[in-house]
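Coordinate analysis (summary)
This is what each chain is made of:
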Amino acid sequence: MSAPDASSPAPSPSVRVRFAPSPTGFLHVGGARTALFNWLFARHHGGKFFLRIEDTDRSRSTDAAIEAILDGLTWLGLDWDAWEKSPGPGPVRQTERLALYQFKARQLLDEGKAYRCYCPAEELDARRKAALARGEVPKYDGRCRAVAEADESRPFALRFKTPQEGETVVDDLVKGRIVFENRQLDDLIILRSDQSPTYNFCVVVDDVDMAITHVIRGDDHLNNTPRQIQLYRALDFPLPRFGHLSMILGSDKARLSKRHGATSVQTYRDMGYLPEALVNYLVRLGWSHGDQEVFTREELIAKFSLDNLTASAAVFSLEKLQWLNATYLKTVEPKSIAPLVQDLLAKRGAGDAASPGRIEEVFLAHRERSKTLVDIADAVMMYVPGQRVIDAEAEKKFLTAPALPALGRVHTLLRDAPFTKDAHEHLFATLMTETGQKMATLAQPLRVALTGRSVSPGIYDVLRLLGKDEALARIESAIRLIEGGSTAHAPS
Ligand code: GLU
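Residues numbered from 1 in each chain as written. Predicted model: local features only at pLDDT ≥ 70, side-chain atom pairs only at ≥ 80, totals over all residues. Heavy atoms only, no water.

Here's the deal with the overall build of the protein chain
So the rule is basically this: Going along the chain from the N terminus, every DSSP run of H or I of four or more residues is numbered as a helix, and every run of E of two or more is numbered as a strand. Both definitions apply: the radius of gyration is a C-alpha atom measure, and the globule rule equals 2.2 Å times residues to the power 0.38. We call a residue buried when its accessible area falls under 20% of the maximum for its residue type, exposed when it is over 50%, and partly exposed in between, using a 1.4 Å probe and counting protein chains only. Any two residues whose heavy atoms approach within 4.5 Å at even a single point are treated as in contact. For the area figures, the Shrake-Rupley method with a 1.4 Å probe applies, and any residue is considered shielded solely by the protein chains shown. As used throughout, the charge tally considers Lys and Arg to be positive and Asp and Glu to be negative, leaving His and the chain termini uncounted. Each charge is placed at NZ for Lys, CZ for Arg, CG for Asp and CD for Glu.
Secondary structure assignment for the protein chain yields 19 helices and twelve strands. The globule rule puts the C-alpha radius of gyration for 492 residues at 23 Å, and the 31 Å found for the protein chain is more than 25% above it. Overall, the C-alpha framework of the protein chain stretches about 105 × 60 × 45 Å when taken along its three principal axes. Taken across its 492 residues, the protein chain has 47% of its residues classed as buried. Long-range pairs, those at least 24 residues apart, make up 75% of the contacts in the protein chain with a sequence separation of at least 6. For the protein chain, the computed accessible surface area is about 23,600 Å², with 54% contributed by carbon and sulfur atoms. Charge-centre separation for the protein chain: the mean point of 63 positive side chains lies 2 Å from the mean point of 64 negative side chains.

Okay, structure coming up:
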């Protein structure tokens, strides 16, 4: 066995990374993975992880989306650092920084690195359509580059003078060296005529201002990178390292989307996944450490390195996530799950169905056969008096007339004996002798009577969790059900 991470570079506290979501919807699992890789990289190096909300597109950004992002990151345990220049610990918000972008755009104009473009929007649109009709890639023709006289009485946008010769090389940490021809790059608008700054410009101004050292993001941004590199140069700032993560795909190898199932972190929480399990699952979508599958958070921080990011796209597998979640449920500290289950119960309007202690008890009995916290919440509800729902198939198979005598006998014995595990063991031993039936044969109708299901923890655990009165009431109701059913179906 080799020494852990012998080949990794020594931690560098100067690492500064960011997660920069556009708040246009929920926190997507792809976004969460990007945040996680940045967070792990920063924590591994003892560096900084910032959160920047890219909300300059006001028509698409919402406060609800910002809430969902903060909420999702907090639930996953991905805490962000306060930026030194921020007034408070909250995330950096681009809409609060408009004056800086405007100032920087003007600076580029003054330095001759940007120019005023007077072309009206309709004209640009017409030229764009004409280019498309000719089968060309639309690109601004640069005509306003040549306008010498500044006329600030007319509306104008500021365009960046993108170099048209040579190449821009992206030396990507994940994908390797990628070369872009500069003549394919447009003269990017950096400030619109209404003074609003544009997306790529804000990103670069912020990454410069925040002294970001590594830009790790989805490869859907790869085409922005050569434009951004040119802006870095114009702003006279050294380039960060770029790393573009491959997309997460669905089982059909198309980009993961709603039609493959849930894509929002919030939904996985509602489906009863543990944040640790989702973190562990997401990290393996594009990163590996040998063939290890299960990692504690501390191990992830210790072992994470950008060297082990995979360039090929990862396929999302709900089965694997479920397997990981079930694995975590088997070992998680029971105390820590009670509040999570309580949240799920509260969402069903049953927040006061069980105390934390009770949830822990049910959890301990059910963890081995549960995949999610929803299974645990269902189990908690199942023991609540009056809340048993009998599964139709289990009823048909096990709550039948031949089961009646034994159920009746169990009822009597349970009623008359002390309600302890020893007494229950004795009771079943008696019953097996009396009937000549095996425990499994006797237990199955009783299990359905008590829990409504054909699969449950051991009968003694179930009895203990139900308590005497509820156990007896459920057996009585099952007997009535069978009797009612057999009367209904009896030949007249
Ligand atoms: N705001 C971009 C997004 O949500 C990310 C930009 C970046 O990381 O550079 O996709």
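There's more to say after this.
Observations concerning the sheet that holds strand S8 (residues 189-191)
Defined as follows: By the convention used here, strands pair only if DSSP detects at least 2 bridges between them. The convention used is that axes are lines fitted to C-alpha atoms, helices contributing only their stretch in contact, and that angles between N-to-C directions extend from 0 to 180 degrees.
The strand order across the open sheet formed by three strands is S4-S5-S8, and the pairing between neighbours is antiparallel. Whereas interior strands pair on both sides, the edge strands pair on one side only; in this sheet they are strand S4 (114-117) and S8. Averaged over all adjacent pairs, the angle separating strand axes in this sheet is 45°, with direction ignored. With two bridges connecting them, strand S5 (residues 157-160) and S8 associate as antiparallel partners. Bridge pairing in S8 links Arg159 to Ile189.

Thoughts on the site of the ligand
Applied cut-off: We call a residue near a molecule or strand when any one of its heavy atoms sits within 4 Å of it. Any N or O atom pair separated by 3.5 Å or less is treated as a polar contact, with the protein-specific requirement of one donor-capable and one acceptor-capable atom, and with residues adjacent in sequence counted only for side-chain atom pairs. Basically, the charged four are Asp, Glu, Lys and Arg, the nonpolar ten are Ala, Val, Leu, Ile, Met, Phe, Trp, Tyr, Cys and Pro, and anything else, Gly included, counts as polar.
Taken together, Arg18, Ala20, Pro21, Ser22, Glu54, Tyr199, Val203, Arg217 and His221 make up all the residues around the ligand. In the model, an oxygen atom of the ligand is placed 2.8 Å from a nitrogen or oxygen of the Arg18 side chain. Contact between the ligand and Ala20: a nitrogen atom at 2.7 Å from a main-chain N or O atom of the residue. Relative to its unbound accessible surface of 300 Å², the ligand loses 82% to contact with the protein. Classifying every residue of the shell around the ligand gives four nonpolar, two polar and three charged.

Here we look at the pairing of S4
Judged by which residues are buried, S4 turns out to be covered on both faces: Ala114 and Arg116 on one side and Tyr115 and Cys117 on the other are all buried. Here four bridges tie S4 to S5, and the two strands are oriented antiparallel to one another. Directly across from Arg116, in S5, lies its bridge partner Leu158.

Quick word on helix H11 (residues 334-347)
Here is the rule: Helix span, as expected, comes to 1.5 Å for every residue beyond the first. Think of it as the arc spanned by the lines of direction from the helix axis to the C-beta atoms.
Helix length check: H11 (14 residues) gives 21 Å between terminal C-alpha atoms against 20 Å at 1.5 Å per residue, within 8%. Every buried residue of H11 is accounted for by Pro334, Ile337, Ala338, Val341, Leu344 and Leu345. In a view along the axis of H11, the buried residues occupy a sector of 130°, so they form one face of it. Facing away from the buried side of H11, by more than 90 degrees, are the exposed residues Lys335 and Lys347. The elements touched by buried residues of H11 are helix H7 (265-270), helix H12 (356-366) and helix H13 (373-383). Where H11 ends, the next residue or the one after it, Gly349, has phi of about 80°, a positive value.

Quick notes on the sheet that holds strand S3 (residues 92-93)
The strand order across the open sheet built from three strands is S1-S2-S3, with neighbouring strands paired in parallel fashion. The open sheet terminates on both sides in strands that have one partner only, identified here as strand S1 (16-19) and S3. Strand direction decides the pairing type here: S1 and strand S2 (residues 48-53), joined by four bridges, are parallel. The residue bridging Arg16 from the neighbouring strand is Lys48, located in S2. Contacts from helix H1 (residues 29-45) reach S1 and S2 within the one sheet, and its direction differs from that of S1 by about 160°. Of the strands in this sheet, S1, S2 and S3 touch helix H2 (residues 63-76), which is tilted by about 160° from S2.

Points about the nonpolar core
Going by this rule: Residues belong to one nonpolar core when they are buried, are Ala, Val, Leu, Ile, Met, Phe, Trp, Tyr or Cys, and are joined through side-chain atoms within 4.5 Å.
Phe316, Ile337, Val341, Leu407 and Leu450 are the most contacted members of the largest nonpolar core, which has 101 residues in total. Leu450 has contacts with Arg388, Ile459, Val462, Leu463, Leu466, Ala471, Arg474 and Ile475, leaving out every residue within four places of it along the chain.

Let's talk about the side chain of Asp207
With respect to the element layout, Asp207 can be found in helix H5 (residues 199-209). Not counting chain neighbours up to four residues away, the residues in contact with Asp207 comprise Arg18, Arg52, Ile212, Val215 and Tyr232.

Some details on H13
Along H13, eight of the eleven residues are buried, which leaves the element largely enclosed by surrounding structure. Buried within H13 we find Leu373, Ile376, Ala377, Ala379, Val380, Met381, Met382 and Tyr383. Between a side-chain oxygen at the N-terminus of H13 and the backbone nitrogen of Val374 the separation is 3.2 Å; the capping residue is Thr372.

Observations concerning the pairing of S1
Walk down a regular strand and you will see the side chains alternate between the two sheet faces. Quick reminder of the rule: Classification remark: right-handed applies to a crossover when, strands pointing away from the viewer, the course from the first strand over the helix to the second runs clockwise.
Where burial is concerned, the two faces of S1 agree: the one with Arg16 and Arg18 and the one with Val17 and Phe19 are both buried. After leaving S1, the chain enters H1 and then returns to the sheet as S2, a path that is right-handed.

Description of the pattern of salt bridges
We apply this condition: Counted as salt bridges are all cases of a side-chain nitrogen of Lys or Arg within 4 Å of a carboxyl oxygen of Asp or Glu.
As enumerated under the stated definition, the model contains 41 salt bridges in all. With a closest N to O distance of 2.9 Å, Lys320 and Glu293 form a salt bridge. Of this pair, Lys320 sits in helix H10 (residues 318-331) while Glu293 is found in the loop between helix H8 (275-283) and helix H9 (297-303), placing the two residues 27 residues apart along the sequence. Overall, the relative accessible area of 24% leaves Lys320 in the partly exposed class. According to the relative accessible area criterion, Glu293 is partly exposed, its value standing at 24%. Connected through shared salt-bridge partners, Arg18, Arg52, Glu54, Lys85, Arg97, Asp206, Asp207 and Asp209 make up one network.

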